[in-house]
Every structure is written in C-alpha cells, then in structure tokens.
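Examining the three-dimensional arrangement
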Amino acid sequence: MKAPLPDNETDRLAALYALDILDSAPEQDFDDIVALASTVCGTPMSLVTLVDMDRQWFKARVGLDQTGTDRETSFCAHAILGRDLLVVPDATKDPRFADNPQVECANGVRFYAGAPLITTDGFALGTLCVVDDQPRQLDIEQLQALRALARQVTSQMELRRHAVTLANTTARLQELERRKDDLAGLVGGDLRAPLRLVTAYLERLGTTGRHDADLADQVARATAGHIRGFMDLMHHLTEMSEAGFGADSLHMRQIDLTGLTQRAVEAVRPIAATKQIWILNQAGGPTLPIIADPVRLEQVFTHLLFAAVKYTPTGGRVRVGTDLESGPALRLDDIDMPDGMRPELFPHLYYGAIANPADVPGPDRGLAVAKKILDAHHATVALSDRPGDGTSLHVVFPSAAANPAATIDDLIAA
C-alpha cells in the first residue's frame, strides 16, 4: 500500500531542502546515533532516513549497504504521516506492507519501528528507524530511547544549518564594519554640503512667493548630482538595520537557564537509561535569567549531555547543575567511575569545541557546532579534567538581570 502524501507536503519538502543535507557526506555524529539505536533496540539494522519527493535517502545506516530506496515502497513514508512512533511487529501480517517488495524478498523486512524526525516548525522530514528480518516487539524503555534519539537527529540537522546561517550573518556584520568609514564619509562630509545647498535653495523658493525657473533648475541639478550618494546612504542604513535579523537569525528573549537545563536533562534521560548511566540533576533553585534563543540553546544542551552519555562507560555518572557564578552558569560533570575507568568526553570536548572548533570536520563536528551557538550567545566556556574527579564543563552566560533591556543589537555589537 503506497503511503499518501502529507497534507503539508510542499512546505515539508521546502523545510527538508532548506537544511541542505540531502546527499551530504557521512558524519560520525549520525553514525553513532544509528549504532546506538541498533544496540538499544537489539536490531541488526538502523537508519536515519530523509523522505524526498520520490525517494528516501539514508543519511546514516548500520546493517545495510544501500544508500536509499524509492519512496513508493518506503515504510518511512508511512511513518512521517504521524507524530509518534510507527511500530510494525510483523510486516507480513500488516495489510499496508504484506505485499511490499522489501517484505516479500528473501530475508525481507519483518519488524519496523520508526520515529519521525520532526523539526521545530513541525515538519516530519524522515525517520530514525530500526529494522529486523524477524518479528519482534520493543519494550517501553526501548521506545522512549528511540524517540529521544530521533530528537537528537533533528537537533543535529537544525544546529548544523543554523551554524552556517550564523557564519553568514557574522560575515555580513564584518563587511558592514569595514564599510563604516564609507558611511561616516557620506554622512559627515560628502553629503553635508549638498544637503545644505539644497536646503538653502528650497528656503529661497519658499520665500520668493513666485515661481523661479532658474532657482528650481538649480535645485534639480543639485539634487540629481548627489542622488547616488543619497541612495548609497539609504542602502548602508538598510543593511545595518537588517543584519542579524529575519528568519535565519537567533530569536533572542529572556529565559530561565535552570528550567531550560531541566528540559534538556529529561530529553536525554531515556538514552542514558539504556546504558545504565545515572544523570544527577542539580539544576534547581532560583531562576537564572539570560537572553537566549530557547530552542537553539536547548538543542545545544541536549547535544552536550548526549555527548557525555555517549562517551561514558556503561554504569557511569553524569552530573548537571546550574548556579550563579560570574553570571548564570551551567556545569556538566562526567564523573570518573569507582573502578578507575574514565569517561572519554574530555578529548572530544577539547578538540571539538575548544581548540579551533571551526577546523574540525569529522567526529566532533556536532560539538564544534554547539560551540558556535554558545559563542553567538556570548557564553564563556571552560573545560577541566582531573583524575579522580573526571571532566568538568562550565558554560557562563551574561546575566539578563544586569541588562534587562538587552536586545539582539546589543548581543551582536558586543
């Protein structure tokens, strides 16, 4: 049974293409997620699929050599019609899939579970799915972990695209900064004399009480001779007012750092549970107001927590807290285990997010992207590692209370 098109198909495809991820190179962050999904769910296959107009393409895969299939036979094309998991315990007994070529073939699909990849704007772009050639069921813990991992996939895609947007915005601001001298010259010199001349001509026209063709001609010639300068001035001012704004910018407002941290912890907790990793949440107490984009910053926090869970041995401990230091602060501790085993988070954080993160193309790209978003929030990031204590990451934000009227202009100019 071919899946019908979603009601918002045109907008859904536009959202998918805007991420510029189709046919992109493999990335370790996504490969790690499908590997973890396969392990957690006990299935030989797991995929990050993106449903295009007439195909589904695999951004990451484990247990399968294909890079995609046609959309007509796609299980994921059915999964994106809903908002939650699509679980097919035995495809041979499901009328939607019983005669599907992927089911009828030797060692074909028997079990499928797909969590839709839903963007912050509500578009289902594809799925994180697990597949088996044997019928099976997933328990509640596995289903919760699959949902949480799917949210990680979507966050990764959106954060990467947003980091590109921030880089473009920064480039525009730097270009405007270089052109400030031109603007100062226009306002303070090149246009001042013509403006005075035109003003004087107009005053004379207003006081003569009669039509003066010669004087009108002088006004016209003076205005025409400097209209290009006026237009350049308007262009400069318009670009300055628009830089950093619009749909591609961060949507900054006052939020509570403590509440946002708690939401990030709960988003990652189902994944941690599958590795028997204990997340000690000490993000409580008074509210800590900061100026931030709540969606992007929560995605950054969940990725940092996910990295801690990913690089911590089974049975480890991760501690998360918020406090008021030199400003509102998040603290993430990946604690050494009693038997001496150490988490591997430190080198990934250091090389991915501290030491030249813009130059990191491979396994730590997600951390480099997270650092770019933190930089855009003017956060200070500190990292330490001590045997016996483990890895500690501190992220300190400017306090909103210190500048309640702060706007995006202030943040960009800082």
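Residues numbered from 1 in each chain as written. Predicted model: local features only at pLDDT ≥ 70, side-chain atom pairs only at ≥ 80, totals over all residues. Heavy atoms only, no water.

What follows is about the overall build of the protein. Scanning the protein from terminus to terminus reveals 13 helices and 13 strands. Buried residues in the protein amount to 49% of all 414 residues. A separation threshold of at least 6 residues defines the contact pool for the protein, and within that pool the share at least 24 residues apart is 69%. Here the protein displays about 19900 Å² of accessible surface, and carbon together with sulfur accounts for 53% of that area. (Helix = DSSP H or I, 4+ residues; strand = E, 2+ residues; numbered from the N terminus. Buried < 20%, exposed > 50% of the residue type's maximum accessible area, 1.4 Å probe, protein only. Contact = heavy atoms within 4.5 Å. Areas by Shrake-Rupley, 256 points an atom, 1.4 Å probe, with all protein chains shown as cover.)

Let's shift gears to the sheet that holds strand E1 (residues 45-51). Reading across from one edge, E3-E2-E1-E6-E5-E4 is the order of the 6 strands in this open sheet, with antiparallel pairing throughout. Every other strand in the sheet has two partners, leaving strand E3 (68-70) and strand E4 (86-88) as the edge strands with one partner each. Averaged over all adjacent pairs, the angle separating strand axes in this sheet is 20°, with direction ignored. Relative to strand E5 (residues 111-118), E4 runs antiparallel, the two sharing 3 bridges. (Pairing = 2+ DSSP bridges. Axes fitted to C-alpha atoms, helices over the stretch in contact; angles between N-to-C directions.)

Our next topic: the state of the cysteines. According to the stated counting rule, one finds 0 disulfides in the structure shown. Cys76 takes part in no disulfide bond, and the closest cysteine sulfur, belonging to Cys129, lies 4.0 Å away. (Disulfide = S-S within 2.5 Å.)

This next bit is on the pattern of salt bridges. Per the counting criterion, the structure on display carries 19 salt bridges. Asp333 is the salt-bridge partner of Arg319, the closest N and O atoms lying 3.2 Å from each other. Of this pair, Arg319 sits in strand E10 (residues 317-324) while Asp333 sits in strand E11 (residues 328-335); the two residues are 14 residues apart in sequence, bridging distant segments of the chain. (Salt bridge = Lys/Arg side-chain N within 4 Å of Asp/Glu carboxyl O.)

Moving on, we come to the confidence of the model for the protein. Put simply, the protein has an average pLDDT of 82, and 75% of its residues get 70 or more. Overall, residues 404-414 carries pLDDT values under 50, and its contacts beyond four positions in sequence, including any with other chains, amount to 16 contacts. (pLDDT = per-residue confidence, 0-100.)

For the rest of this paragraph, the subject is the packing of helix H9 (residues 257-274) against helix H10 (residues 294-310). Orientation of H9 relative to H10, taken along the N-to-C sense of each, is 40°, at an axis distance of 9 Å. Put simply, H9 runs oblique to H10. Along this stretch, H9 crosses H10, giving a crossing that reads as right-handed. When H9 is examined against H10, the residues Leu257, Leu260, Thr261, Arg263, Ala264, Val265, Ala267, Val268, Ile271 and Ala272 are found in contact with a partner set consisting of Pro294, Leu297, Glu298, Phe301, Thr302, Leu305, Phe306 and Val309. The residue inventory of the contact of H9 with H10, partitioned by class, reads 14 nonpolar, 2 polar and 2 charged. (Parallel < 35°, antiparallel > 145°, perpendicular 65-115°, else oblique. Left-handed = near helix turned anticlockwise from the far one by under 90°. Nonpolar A, V, L, I, M, F, W, Y, C, P; charged D, E, K, R; others polar.)

Looking now at the packing of aromatic side chains. As enumerated under the stated definition, the model contains 3 aromatic pairs in all. Plain terms: the ring middles of Phe75 and Phe97 are 4.1 Å apart, the flat faces sit at 5° to each other, and that makes the pair stacked. Residue Phe75 is located in the loop between E3 and helix H3 (76-79), and its partner Phe97 is located in the loop between E4 and helix H4 (101-104); the two are separated by 22 residues in the primary sequence. Given a relative accessible area of 4%, Phe75 falls into the buried group. Members of the aromatic cluster, each reached through a chain of ring pairs, are Phe75, Phe97 and Tyr112. (Phe/Tyr/Trp six-rings, centres within 6.5 Å; stacked < 30°, edge-to-face > 60°.)

Interhelical geometry of helix H2 (residues 28-41) versus H10 gives an angle of 60° and a closest axis separation of 12 Å. By the criterion of interaxial angle, the relationship of H2 to H10 is oblique. Considering the relative orientation of H2 and H10, their crossing is left-handed. On the side of H2, the interface is formed by Asp29, Asp32, Ile33 and Leu36, while H10 contributes His303, Phe306 and Lys310. Taken together, the residues of the contact of H2 with H10 break down into 3 nonpolar, 1 polar and 3 charged.

Attention shifts here to the side chain of Thr119. Secondary-structure assignment places Thr119 in the loop between E5 and strand E6 (124-132). Owing to a relative accessible area of 9%, Thr119 belongs among the buried residues under this scheme. Setting aside anything within four residues of it in sequence, one finds Thr119 in contact with Leu125, Thr154 and Glu158.

Before going further, it helps to spend a moment on helix H11 (residues 345-354). Given 3.6 residues to a turn, an α-helix orients residues that are three or four positions apart in the same direction. All of the buried residues along H11 are Leu345, His348, Leu349, Gly352 and Ala353. All buried residues of H11 lie within an arc of 95° about the axis, which places them on one face of the element. Looking at the buried side of H11, the elements it contacts are H10, E11, helix H12 (365-376), strand E12 (380-386) and strand E13 (390-396). (Arc of directions from axis to C-beta.)

The subject of this paragraph is the side chain of Lys310. One can find Lys310 in helix H10. Judged by relative accessible area, which is 18%, Lys310 ranks as buried. A polar atom in the side chain of Lys310 sits 3.0 Å from the side chain of Asp32. Discounting chain neighbours no more than four positions away, the residues touching Lys310 are Asp29, Asp32 and Lys275. (Polar contact = N/O pair within 3.5 Å; in protein donor to acceptor, adjacent residues only side chain to side chain.)

The subject of this paragraph is the nonpolar core. In terms of nonpolar packing, the biggest core is built from 80 residues, with Leu50, Leu128, Leu146, Met157, Leu297, Phe301 and Phe397 touching the most fellow members. With 11 residues, helix H5 (residues 140-178) is the single largest residue contributor to this core. With near-sequence residues (within four places) excluded, Leu146 lies in contact with Ala37, Cys41, Leu85, Ala113, Ala115, Leu128 and Val130. Membership of the second largest hydrophobic core comes to 18 residues, among which are Val51, Phe58, Cys76 and Val109. (Core = buried A, V, L, I, M, F, W, Y, C linked by side-chain atoms within 4.5 Å.)

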